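Each chain, written out:
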Amino acid sequence: MSTSKKITSALISVYDKTGLEPIVRKLHAYNVTIYSTGGTQSFIEELGIPVERVEDLTSYPSILGGRVKTLHPKIFGGILNRRDLQEDQDQIVAYEIPNLDLVIVDLYPFEATVASGASHDAIIEKIDIGGISLIRAAAKNHKDVVIIPSQEQYATLEEILTNGAGSTTLEERVAFARDAFNVSSHYDTHIFNYFNQGETEAFKQSIQQAQVLRYGENPHQKGIFHGDLNAIFDKLHGKELSYNNLLDVDAAVNLMNEFKNEDPTFAILKHNNPCGLAIRSTLKQAYIDTLAGDPVSAFGGILIANKEIDLDTAVEINELFCEVVIAPSYNAEALELLKSKKNRIILVQKDILLPKRQFRTILNGVLEQDKDLITETAGHLETRTKLTPSEQEVKDLLFANKIVKHVKSNTIVLAKGNQLLACGTGQTSRVDALTQAIHKAKSFGFDLNGSVMSSDAFFPFPDCVEIAGNEGIKAVIQPGGSIKDDLSVDYCNENNIAMVFTGNRHFKH
């Protein structure tokens with residue numbers, strides 16, 4: 001038996017009429033009987049195309065302020081009846097119910113209404129009842145019915161109608177049904193999350209956009225990005241972002257968000273960790289001093305700036321092989337120069353709010369947490385030593401502490417004069433992280449005398465401050481909270497080192 005079915009009748013009821021006209025005209029050209037109601041009916045009539053009123057079919061008007069329009073057995077019977085089941089067909093004849101072969105519907109804009117800051121009552125009115133019911137009914141009976149649940153499917157439907165002379169195949173109807181359940185589940189997820197507000201233990205997230213990546217973390221792994229990159233970036237040049245690129249870009253964006261309103265700031269990241277960062281009076285100098293932090297690791301890295309990239313800065317950047325460059329804007333000459341490398345990815349970052357929740361798959365479930373959004377200021381600092389840090393040391397301590405929360409634990413950050421000197425990253429002990437940072441700083445010619453140290457977590461022993469003191473580090477910032485805090489404080493007091501506590505740990509695993 002052929003799975004191709006001719007569309008002879010359609011129900012159309014949409015909130016947004018954008019893009020609907022070509023579909024309606026094509027259906028009319030194929031002699032399809034169209035049923036509609038309310039604004040959609042008026043829209044079709046204004047096109048000069050005949051339309052049957054749903055109210056005439058059901059013998060009921062739209063009631064309750066439009067809350068009930070299509071919820072009627074003559075509508076749902078026309079959608080849900082099984083064309084190959086005689087019992088259903090006998091009832092269709094007995095109750096004078098027309099077959100509905102095509103349903104075109106969309107949903108009230110619930111997400112957009114919530115995002116607009118509308119009142120609770122206004123939001124509730126945008127919870128669609130009739131539309132979601134029509135979508136589910138038509139998708140369930142996809143063996144006989146075509147469901148078009150949003151404008152995203154209009155172009156596909158128009159093409160199918162043209163190629164099939166008004167008929168559809170089962171394969172096409174299954175594909176539309178899949179889209180329909182994607183739309184309905186996404187809609188319900190956002191309604192649930194609006195009511196939930198993190199109060200229940202259920203985990204529900206839905207993202208409709210997806211981009212297949214070349215591969216995952218390694219070539220033998222498949223990779224997909226679920227999200228809308230176009231909402232965050234305008235891509236101006238280069239190859240497609242890879243899985244690892246996206247991880248690094250995410251780390252770069254979150255790090256630079258700490259310095260969004262600072263003087264010209266540049267950062268270079270590699271494997272999600274900063275290998276250089278500096279704040280200077282010009283972006284060019286910020287880049288030069290950022291690169292000096294670790295010119296070896298910078299090769300193939302991710303570059304990000306908080307100001308427009310000018311030609312002088314671009315000339316410096318162009319000497320380095322890098323995967324991605326991110327900035328809020330580029331002047332024309334700088335952009336032309338940076339585009340000279342065919343594969344270099346150039347992104348303009350848009351000014352949008354970043355998510356405040358984080359998720360990670362583990363074992364057979366998902367971990368969920370608030371993002372680490374605490375950024376310490378001078379008001380957070382509690383001086384625990386006799387020596388109070390100088391004004392410049394406080395600036396450097398806060399600078400280092402902005403960085404430390406974005407470095408893989410265990411970590412130590414060394415900084416001086418608004419410049420990252422070195423990070424110890426992802427070590428199993430804090431001592432190892434410190435010795436790694438010291439080794440890196442010295443290997444690139446930095447003088448640690450007068451520098452400051454930031455730690456993502458407390459010091460259980462005084463060994464780290466002793467090592468730091470021997471290198472000339474003069475101020476330390478840490479969360480505090482160890483039962484042996486006094487040992488580190490005592491050492492600092494004995495060796496003229498200032499130490500401040502923040503009370504906030506910044507682990508990053």
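Described in the following lines is the structure provided in the data block. (Residues numbered from 1 in each chain as written. Predicted model: local features only at pLDDT ≥ 70, side-chain atom pairs only at ≥ 80, totals over all residues. Heavy atoms only, no water.)

It is worth spelling out helix 15 (residues 391-404) at this point. If you check helix 15, its first and last C-alpha atoms are 20 Å apart, about what 14 residues at 1.5 Å a residue would give, namely 20 Å. Most of helix 15 sits inside the fold, with eleven of its 14 residues counted as buried. Within the sequence span of helix 15, burial applies to Glu393, Val394, Asp396, Leu397, Leu398, Phe399, Ala400, Asn401, Lys402, Ile403 and Val404. (Helix = DSSP H or I, 4+ residues; strand = E, 2+ residues; numbered from the N terminus. Expected span 1.5 Å × (residues − 1). Buried < 20%, exposed > 50% of the residue type's maximum accessible area, 1.4 Å probe, protein only.)

On to helix 9 (residues 154-163), then. Each α-helix turn comprises 3.6 residues. Residues three or four places apart therefore point the same way. Every buried residue of helix 9 is accounted for by Tyr154, Leu157, Ile160 and Leu161. Here the buried residues of helix 9 occupy an arc of 130° about the axis, which is enough to place them on one side. Structural note: helix 9 exposes Ala155, Glu159 and Asn163 on the side pointing more than 90 degrees away from its buried face. (Arc of directions from axis to C-beta.)

Before going further, it helps to spend a moment on the sheet that holds strand 12 (residues 273-279). Taken in spatial order, the six strands of this open sheet run 10-15-14-13-11-12, and their pairing is mixed. Each edge of the sheet is formed by a strand with only one pairing partner; in this case those strands are strand 10 (233-237) and strand 12. The average angle at which neighbouring strand axes cross in this sheet is 20°, direction not considered. When strand 11 (residues 265-270) meets strand 13 (residues 301-305), the two strands line up antiparallel, connected through four bridges. Within strand 13, the position partnered with alanine 267 by the bridge is isoleucine 304. (Pairing = 2+ DSSP bridges. Axes fitted to C-alpha atoms, helices over the stretch in contact; angles between N-to-C directions.)

Here we come to the pairing of strand 22 (residues 475-478). Taken residue by residue, a regular strand's side chains alternate between the two faces of the sheet. Burial along strand 22 is two-sided: Ala475 and Ile477 and Val476 and Gln478, pointing in opposite directions, are all buried. Here three bridges tie strand 21 (residues 452-455) to strand 22, and the two strands are oriented parallel to one another. Looking at the pairing, methionine 453 lines up with valine 476 of strand 22. Where the polypeptide runs from strand 21 across helix 17 (residues 463-470) and back to strand 22, its parallel neighbour, the crossover connection is right-handed. (Right-handed = clockwise from strand over helix to strand, strands pointing away.)

Glancing now at the packing of aromatic side chains. Each aromatic ring pair is characterised by the separation of its centres together with the angle its planes make. A complete count under the given rule lists eight aromatic pairs for this structure. Ring geometry for tyrosine 15 and tyrosine 108: centres 5.4 Å apart, planes at 70°, overall edge-to-face. Taken together, the residues tyrosine 15 in the loop between strand 2 (9-13) and helix 1 (21-29) and tyrosine 108 in the loop between strand 5 (102-105) and helix 6 (110-115) connect sequence positions 93 residues apart. According to the relative accessible area criterion, tyrosine 15 is partly exposed, its value standing at 42%. Taking relative accessible area as the criterion, tyrosine 108 reaches 23% and is therefore assigned partly exposed. An angle of 80° between the planes, with centres 5.4 Å apart, marks the rings of tyrosine 194 and phenylalanine 195 as edge-to-face. The rings of Phe110, Tyr187, Tyr194 and Phe195 are connected pair by pair, giving a single aromatic cluster. (Phe/Tyr/Trp six-rings, centres within 6.5 Å; stacked < 30°, edge-to-face > 60°.)

So, on to the packing of helix 4 (residues 73-80) against helix 8 (residues 130-140). Running from amino to carboxyl end, helix 4 crosses helix 8 at an angle of 30°, the nearest separation of the two axes being 8 Å. When the axis of helix 4 is compared with that of helix 8, the two are roughly parallel. For the pair helix 4 and helix 8, contact is made by Ile75, Phe76, Ile79 and Leu80 and by Ser133, Leu134, Ala137, Ala138 and Lys140, respectively. A per-class count over the contact of helix 4 with helix 8 returns seven nonpolar, one polar and one charged. (Parallel < 35°, antiparallel > 145°, perpendicular 65-115°, else oblique. Contact = heavy atoms within 4.5 Å. Nonpolar A, V, L, I, M, F, W, Y, C, P; charged D, E, K, R; others polar.)

Now for the side chain of glutamate 55. If you trace the backbone, glutamate 55 turns up in helix 3 (residues 54-58). Of the side chains bearing the opposite charge, arginine 53 lies closest to the buried glutamate 55, which forms no salt bridge; the N-O distance is 4.5 Å. Discounting residues that sit within four places of it in the chain, glutamate 55 has contacts with Ser36, Thr37, Gly38, Gln41, Tyr60, Pro61 and Ser62. (Lys, Arg positive; Asp, Glu negative; His and termini not counted. Salt bridge = Lys/Arg side-chain N within 4 Å of Asp/Glu carboxyl O.)

So, on to a nonpolar patch on the surface. Together, Phe203, Phe359 and Val366 make up an exposed nonpolar region whose accessible area comes to about 250 Å². As for its placement among the helices and strands, valine 366 is situated in strand 17 (residues 365-370). (Patch = residues over 30% accessible without salt bridge, like charges linked within 9 Å, V, L, I, M, F, W, Y side chains within 5 Å. Areas by Shrake-Rupley, 256 points an atom, 1.4 Å probe, with all protein chains shown as cover.)

A cis amide bond links serine 409 to the next residue, asparagine 410, at an omega of -10°. Assignment of secondary structure puts asparagine 410 in the loop between helix 15 and strand 19 (412-415). In this structure, glutamate 96 is a non-glycine residue whose phi angle is positive, near 55°. Take glutamate 96: it is sitting in the loop between helix 5 (86-94) and strand 5. Accessibility expressed as a relative area gives 61% for glutamate 96, which makes it exposed. Phi is positive for asparagine 272, which is not a glycine, with a value near 75°. Position of asparagine 272 among the secondary structure elements: in the loop between strand 11 and strand 12.

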